[in-house]
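Architecture at a glance
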Amino acid sequence: MKGFLGSLCRLGGIRGYSGTFKRSQLRLEGVKDVIAVASGKGGVGKSTTAVNLAVALAKNCQLKVGLLDADVYGPSVPMMMKIDRKPDITEDKKMIPIENYGVKCMSMGFLVEKDAPIVWRGPMVMSALAKMTRGVDWGNLDILVVDMPPGTGDAQLTMTQNLQLSGALIVSTPQDIALMDARRGANMFSKVDVPILGFVENMSFFKCPHCGEPSFIFGKEGTRNAAASMGYKLIGEIPLEVDIRKGSDEGVPVVISAPDSVISKAYGDTAQNVVSKLEELAKEQTLHPEINL
Ligand code: ADP
């Protein structure tokens, strides 16, 4: 029975099933859904995806969106969202997230000096992550997008267990070496009973600016096949594009600088798929309330 429920859970069927680790039941007050954007490996475009997805959720889906940069060792949200100041503090000592492009943002990068190395041991990282979640006055949000630290270590597990995540999105490039770690990332979430919303393939292909032919630099359909082999869906395909990189470096996400482009449509479709998957999970939750064995 446990195995059966476990597989249903991996497919996002029953959210209350407790696996090896127990998922936290703590909620962030005022926040409807918290989703993790994760990757097994660094450098695959996790932060870029999290940023453009958050902005697309706000802009295209008209949701109240927050973005938490939990990548404490390499915070990139300040640069990608062009935010260069420290957050104000409320009377009850909570940090007020800084808003840009319609998204409320919080990042360790707001709190440390630019270029300063972040040389923290585990407990300091945990306490920083706690401050950046519960120590923030998020207000009312439909969705909080969490840009997770890469990998499947202590920090990821703490975040996963301390937030009641509605689901996780796995970002990977299509080559085998990245997919191996993406699978590990997905398995970590299912172990702690967090449904996988789907996989997003970043740098899917490169469209030659001269002849228009697509080149599959990192291989073709790798992420779709990896997702399918685990019973998950590919819910986004983002091309390798100069404008995406430029947007990250210049602090103007491509969904803002080129809203009518094919790239922005790809992010918009991904955002829509995330919303649909969350709605589907919420329905299942009503049909199958928490079952704890
Ligand atoms: P991660 O968060 O996985 O470490 P980043 O989001 O920081 O990765 O991306 C790493 C680099 O790749 C950044 O310079 C970013 O601008 C670039 N990048 C990410 N996705 C794309 C893409 N689809 N096309 C072009 N450049 C990209």
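That block above? That's the structure.
Residues numbered from 1 in each chain as written. Predicted model: local features only at pLDDT ≥ 70, side-chain atom pairs only at ≥ 80, totals over all residues. Heavy atoms only, no water.

**Thoughts on the packing of helix α2 (residues 46-59) against helix α10 (residues 262-287)**
- Between α2 and α10, whose axes approach to 9 Å, the crossing angle comes to 75°. Comparing their axes, α10 and α2 come out roughly perpendicular. For the pair α2 and α10, the contacting residues are Thr48, Thr49, Asn52, Leu53, Ala56 and Leu57 in the first and Tyr267, Gly268, Thr270, Ala271, Val274 and Val275 in the second.
- Per-class residue counts for the contact of α2 with α10 are seven nonpolar, five polar and no charged. (Axes fitted to C-alpha atoms, helices over the stretch in contact; angles between N-to-C directions. Helix = DSSP H or I, 4+ residues; strand = E, 2+ residues; numbered from the N terminus. Parallel < 35°, antiparallel > 145°, perpendicular 65-115°, else oblique. Contact = heavy atoms within 4.5 Å. Nonpolar A, V, L, I, M, F, W, Y, C, P; charged D, E, K, R; others polar.)

**Some remarks on the nonpolar core**
- Counting 82 residues, the largest nonpolar core has Leu67, Phe189 and Phe199 as the members making the most contacts within it.
- Sequence-distant contacts of Phe199, that is, excluding residues within four places in its chain, are made with Ile170, Ala182, Ala186, Thr223, Ala227, Met230, Tyr232, Lys233, Leu234, Ile235 and Gly236. (Core = buried A, V, L, I, M, F, W, Y, C linked by side-chain atoms within 4.5 Å. Buried < 20%, exposed > 50% of the residue type's maximum accessible area, 1.4 Å probe, protein only.)

**Details of the side chain of Thr48**
- Mapped onto the elements, Thr48 comes out in helix α2.
- You can call Thr48 buried: its relative accessible area is 12%.

**Some details on the site of the ligand**
- Taken together, 16 residues surround the ligand, and among them Gly43, Lys46, Ser47, Thr48 and Pro239 come closest.
- Val44 has a polar backbone atom sitting 3.0 Å from an oxygen atom of the ligand.
- Within the backbone of Pro239, a nitrogen or oxygen atom sits 2.8 Å from a nitrogen atom of the ligand.
- Contact with the protein chains hides 81% of the accessible area of the ligand, taken as 560 Å² for the molecule alone.
- Using a 2 Å cut-off from the grid points, one finds that the ligand occupies the second largest pocket.
- Secondary-structure elements contributing two or more residues to the shell around the ligand are α2 and α8 (242-250).
- Its residues assigned to classes, the shell around the ligand comprises six nonpolar, seven polar and three charged. (Near = heavy atom within 4 Å. Polar contact = N/O pair within 3.5 Å; in protein donor to acceptor, adjacent residues only side chain to side chain. Areas by Shrake-Rupley, 256 points an atom, 1.4 Å probe, with all protein chains shown as cover. 1 Å grid on protein atoms, 1.4 Å probe; cavity = no way out; pocket = protein on both sides within 12 Å on 5 of 7 lines; lining within 4 Å. Sits in = over half its atoms within 2 Å of the grid points.)

**Remarks on the environment of Val103**
- Mapped onto the elements, Val103 comes out in strand β4 (residues 103-107).
- Of the residues examined, Val103 reaches a relative accessible area of 0% and is grouped as buried.
- Leave out the neighbours within four places in its chain, and Val103 touches Ala54, Val55, Ala58, Val65, Gly66, Leu67, Met81 and Ile98.

**A word on the pairing of strand β10 (residues 234-238)**
- Burial analysis of β10 places four of its five residues in the buried class, which makes it a mostly covered element.
- The pairing of strand β7 (residues 196-202) with β10 spans four bridges and is classified as parallel. Residue pairing for β10: Val200 is matched across the bridge by Gly236. (Pairing = 2+ DSSP bridges.)

**What about the pattern of salt bridges?**
- With the rule as written, the count across this model stands at 10 salt bridges.
- Across the pair Lys46 and Asp71 runs a salt bridge, and its minimum N-O distance is 3.3 Å. Placement of Lys46 in helix α2 and of Asp71 in the loop between β2 (65-69) and α3 (77-80) is noted, with a sequence separation of 25 residues between them.
- A residue is classified by how much of its surface remains accessible, and Lys46, at 6% relative accessible area, is buried.
- Note that Lys265 is salt-bridged to Asp269, the shortest N-O span being 2.9 Å. Here Asp269 and Lys265 lie together in helix α10, a separation of four residues that amounts to about one turn. (Salt bridge = Lys/Arg side-chain N within 4 Å of Asp/Glu carboxyl O.)

**A look at the state of the cysteines**
- Counted under the stated rule, the structure contains zero disulfides.
- Distance from the sulfur of Cys208, which forms no disulfide, to the nearest cysteine sulfur (Cys211) is 3.6 Å. (Disulfide = S-S within 2.5 Å.)

**Digging into the pairing of β4**
- Within β4, four of the five residues are buried, which leaves it mostly tucked inside the rest of the structure.
- Sheet analysis places β2 next to β4, joined by five bridges and oriented parallel. Paired with Leu67 across the two strands is Cys105, which belongs to β4.
- Of the strand pairs in this sheet, strand β3 (residues 98-100) and β4 are connected by three bridges, and their pairing is antiparallel. Considered in β4, the bridge of Asn100 is made with Val103.
- Connecting the antiparallel pair β3 and β4 is a turn made up of two residues, with Tyr101 showing a positive phi of about 50°.

**Thoughts on the layout of surface pockets**
- If you add up the space inside the largest pocket, you get close to 530 Å³.
- Lining of the largest pocket is provided by 18 residues; of these, Pro78, Met79, Gly109, Lys114 and Asp115 occupy positions nearest its centre.
- The residue inventory of the lining of the largest pocket, partitioned by class, reads nine nonpolar, two polar and seven charged.
- Estimated volume of the second largest pocket: approximately 300 Å³. (Points joined across faces, edges and corners; volume = space filled by probe spheres on them.)

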